[in-house]
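Fold and geometry: a report
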Amino acid sequence: MHGLMLEGAAEAAIIDILLENNLLVFSKDELIMSANGERYQQGLNERKFARDFLRRDFGSNKIHMHIVLDKLNFSTKLHKLSDQVGNVTCYVTREEIESIQLFARSDWNAQFIKYKDNHTGKEAKPSAFFKNNEGLGIKNIKKYDYVYNLWGNRVADLQDAIKQVKINMIQKHSLRGLGNDKKYLADLLK
């Protein structure tokens, strides 16, 4: 049995595409459901997750929690909120979920590299590149519908983008020293 918490709408769109195509290490039927029939929670509110998803008794089965987020220093409290939670694995998308979107069009990543050379700090992040008029000027890059439409018919490309982001993160040593509970989003793929 698996529980799933996602940071935002872009993560939800990507995970929905992967779930619909049975490309994750678990199927949607293996996910615990909320009282409202939801298969995952969007947002990192652990108390809400415990209230909505962990109120029923799962017997001796421990829930393996999967959390998709971009925060390296996220520390979960789910074990304190419910004794039904076993393993908790965080799948980190660095710098941000928009790092995956950079690979949606063949020229976007190259444009981002040029953009980044002229910007610093938060302005040098993929989110700024997408939203800023000096970049692509796409204001809805994190909206569910936009992300779903960007990748929905290009599932193999999405998988490749997720794997490429893992390669980039490994080259930058993004998860070094963070422990076994932090993995790459690509590790959630079959």
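Below: a short report on this structure. Nothing here was measured: the structure is a model prediction, and the numbers come from that model. (Residues numbered from 1 in each chain as written. Predicted model: local features only at pLDDT ≥ 70, side-chain atom pairs only at ≥ 80, totals over all residues. Heavy atoms only, no water.)

Opposite charge on two side chains permits them to pair, given that their charged atoms come into close proximity. Overall, the coordinates contain 7 salt bridges when judged by the stated rule. As a salt-bridge pair, K71 and E7 come within 2.7 Å of each other at their nearest N and O atoms. Linking K71 in the loop between β3 (63-69) and α3 (78-81) with E7 in the loop between β1 (2-6) and α1 (9-20), this pair joins segments that are 64 residues apart in sequence. When its relative accessible area of 33% is taken as the criterion, K71 is described as partly exposed. Residue K125 is joined to E96 by a salt bridge in which the shortest nitrogen-to-oxygen separation is 3.8 Å. Here K125 is found in the loop between α5 (108-117) and α6 (126-131), whereas its partner E96 is found in the loop between β4 (85-92) and α4 (98-101), with 29 residues between them in sequence. Look at K125 and you get partly exposed, because its relative accessible area is 28%. You can call E96 buried: its relative accessible area is 7%. Each of K48, R51 and D52 takes part in one network of salt bridges that share partners. (Salt bridge = Lys/Arg side-chain N within 4 Å of Asp/Glu carboxyl O. Helix = DSSP H or I, 4+ residues; strand = E, 2+ residues; numbered from the N terminus. Buried < 20%, exposed > 50% of the residue type's maximum accessible area, 1.4 Å probe, protein only.)

Judged by how many residues are buried, β4 sits mostly within the fold: 7 of 8 residues are covered. Note that β3 and β4 share 6 bridges and pair parallel. Bridge pairing in β4 links V68 to Y91. (Pairing = 2+ DSSP bridges.)

Moving on, we come to the packing of α1 against helix α8 (residues 155-171). For the pair α1 and α8, the least separation of the axes is 11 Å and the interaxial angle reads 120 degrees. One element, α1, and the other, α8, form an angle in the oblique class. The chirality of how α1 crosses α8 is left-handed. Between α1, through I14, I17 and L18, and α8, the contact on the second element is made entirely by V155, L158, Q159 and I162. Its residues placed into classes, the contact of α1 with α8 shows 6 nonpolar, 1 polar and no charged. (Axes fitted to C-alpha atoms, helices over the stretch in contact; angles between N-to-C directions. Parallel < 35°, antiparallel > 145°, perpendicular 65-115°, else oblique. Left-handed = near helix turned anticlockwise from the far one by under 90°. Contact = heavy atoms within 4.5 Å. Nonpolar A, V, L, I, M, F, W, Y, C, P; charged D, E, K, R; others polar.)

Strands sit in the order β2-β1-β3-β4-β5 across an open sheet of 5 strands; the sheet is parallel. Looking along the sheet, the strands with just one partner apiece sit at the ends: β2 (41-42) and β5 (182-184). Sheet contacts for helix α2 (residues 46-53): β1, β2 and β3; angle to β1, the most-contacted strand, approximately 140 degrees.

With that settled, the discussion passes to the packing of aromatic side chains. Evaluation of the coordinates by the stated rule reveals 6 aromatic pairs. Relative to F130, the ring of W108 has its centre 5.3 Å away and its plane inclined at 75 degrees; by these criteria the two rings are edge-to-face. Note that W108 is positioned in helix α5 and F130 in helix α6, a separation of 22 residues in sequence. W108 gets classed as buried once you look at its relative accessible area, which sits at 9%. (Phe/Tyr/Trp six-rings, centres within 6.5 Å; stacked < 30°, edge-to-face > 60°.)

Formed by 44 residues in total, the largest nonpolar core has its most connected members in I15, L18, I100, W151 and I162. For this core, the secondary structure elements donating two or more residues are β1, α1, β4, α5, α6, α7 (144-151) and α8. Ranked by residues supplied to this core, first place goes to α1 with 8 residues. Apart from residues lying up to four places away in sequence, I15 is in contact with L4, L6, L24, V68, L185 and L188. (Core = buried A, V, L, I, M, F, W, Y, C linked by side-chain atoms within 4.5 Å.)

Relative to the helices and strands, Q111 resides in helix α5. The spacing of Q111 and V68 is 43 residues in sequence and 27 Å in space, taken between C-alpha atoms.

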